[in-house]
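Next come the chains, spelled out residue by residue.
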Amino acid sequence: MAKKSRTKARDRATDEGGIGPREPCPCGSGKRYKACHGSAGGAYVARPFAGLAAERDLVALREFVPSATAPLTVGDRTVLLGSLLPMGAPAMVRDSGEVWLGLQVRHAFGDPSRDLGAVLDKALATEEPGVVGLVDPPGPGPRLQDLVADVPLDVSVHDGFEWWLGDVPERDDDLAEALEQANGAVSPTTRLTSVEAAYWVDAGPQEHLRWVLPHDEPGLLDALARLHAAGEDSVGDGSRLVGMFRANGLVVPVWDLLPGTGAEALEEHASAFDRRLTDALADSSELTAEERAARSGLSNRQVTLR
């Protein structure tokens, strides 16, 4: 009995974050920690981009924006950050010498910011054009926060991936086919301008608003519950808060929108909702029974994108 108790205690206790090897990996893969990030030789970092002014947009581009770019300032150089690079490359050195860094890459080494920092460091030191990536865990070294200028992202959302051809003089059949296939998977997406890190997306039969928020989850759930109980969680006529998902340590609420809403119609409504949310976050009173019921329902409505 004592031996079994010690084994269970060892499974629960770890040096980093209290994640036991037999517990589910916090990344959401469904695997045990020891078979996922716990096997990569590095600690799992739940909020890898914390501290960066661009954190919320980095999460959006990494998780659900299909095609977007933004310039990154790294010392005296400018790097093109892309949501997804050709062939899913972690980074590329182009024929022009320009460095591209891809966000939608799953290295599974535990800390996406360290992974990106290692890839970026490697690409900046590479002179020959080609793909740059990681085969082994990167080990200690600079994270993205240590390398890039700490400023908000100037995001450009694209209808497709024609930007991949920036320095390609001619398209052959293979390139044209790959581009057509990639473009076919792009859902029309627009970043709102009235608020930060909110993206309208046309997912075919349904339009959505996906909004990356910076607030701690418990307080945010309380605030959203207050707004829902008061009938004030709308972002436009016919909109409905359907749930949320978690990504890189942040919460992303999702609204269903009426077909034909479009992004422009959301701007004023989103700005007004942001003000209501700020007020609700400042309310420290106990939740009412109705608000507690709304909170429970919201926390159980997890949206799956993949």
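All values reported here derive from a predicted model rather than from experimental measurement. (Residues numbered from 1 in each chain as written. Predicted model: local features only at pLDDT ≥ 70, side-chain atom pairs only at ≥ 80, totals over all residues. Heavy atoms only, no water.)

Overview of the pattern of salt bridges
Right, so step 1: Applying the stated criterion across every chain, the model contains 11 salt bridges.
Right, so step 2: The closest approach of N and O atoms between D57 and R191, which form a salt bridge, is 2.8 Å. Of this pair, D57 sits in helix 2 (residues 55-63) while R191 sits in strand 7 (residues 189-191), placing them 134 residues apart in sequence.
Right, so step 3: Note on D57: relative accessible area 2%, which makes it buried.
Right, so step 4: Owing to a relative accessible area of 24%, R191 belongs among the partly exposed residues under this scheme.
Right, so step 5: Across the pair E63 and R106 runs a salt bridge whose closest N-O atoms are separated by 3.3 Å. With E63 in helix 2 and R106 in the loop between strand 4 (99-102) and helix 3 (112-124), this residue pair connects regions lying 43 residues apart in the sequence. (Salt bridge = Lys/Arg side-chain N within 4 Å of Asp/Glu carboxyl O. Helix = DSSP H or I, 4+ residues; strand = E, 2+ residues; numbered from the N terminus. Buried < 20%, exposed > 50% of the residue type's maximum accessible area, 1.4 Å probe, protein only.)

Observations regarding the side chain of T189
Right, so step 1: Mapped onto the elements of the fold, T189 is located in strand 7.
Right, so step 2: A relative accessible area of 10% means that T189 is categorised as buried.
Right, so step 3: Separated by 2.8 Å, the side chain of T189 and the backbone oxygen of S187 make a polar contact.
Right, so step 4: Setting aside residues up to four positions removed in sequence, T189 forms contacts with V65, P66, V157, Y199, W200 and V201. (Polar contact = N/O pair within 3.5 Å; in protein donor to acceptor, adjacent residues only side chain to side chain. Contact = heavy atoms within 4.5 Å.)

Some remarks on the packing of aromatic side chains
Right, so step 1: On inspection of all chains with the given rule, the structure shows nine aromatic pairs.
Right, so step 2: On the numbers, 5.5 Å between centres and 50° between planes, the contact of W100 with W163 is tilted. On the criterion of sequence distance, the pair formed by W100 in strand 4 and W163 in the loop between strand 6 (156-157) and helix 5 (173-184) is long-range, its members being 63 residues apart. With respect to burial, W100 and W163 carry one shared label: buried.
Right, so step 3: Measuring from ring centre to ring centre gives 6.3 Å for W163 and W164, while their planes differ by 75°; the resulting arrangement is edge-to-face. There is no split in this pair, since W163 and W164 are both buried.
Right, so step 4: Linked through ring pairs, W100, F161, W163 and W164 together constitute an aromatic cluster.
Right, so step 5: Over the ring of W100 we find R94, and its NZ or CZ is 3.8 Å from the ring centre. (Phe/Tyr/Trp six-rings, centres within 6.5 Å; stacked < 30°, edge-to-face > 60°. Lys NZ or Arg CZ within 6 Å of the ring centre and 35° of its normal.)

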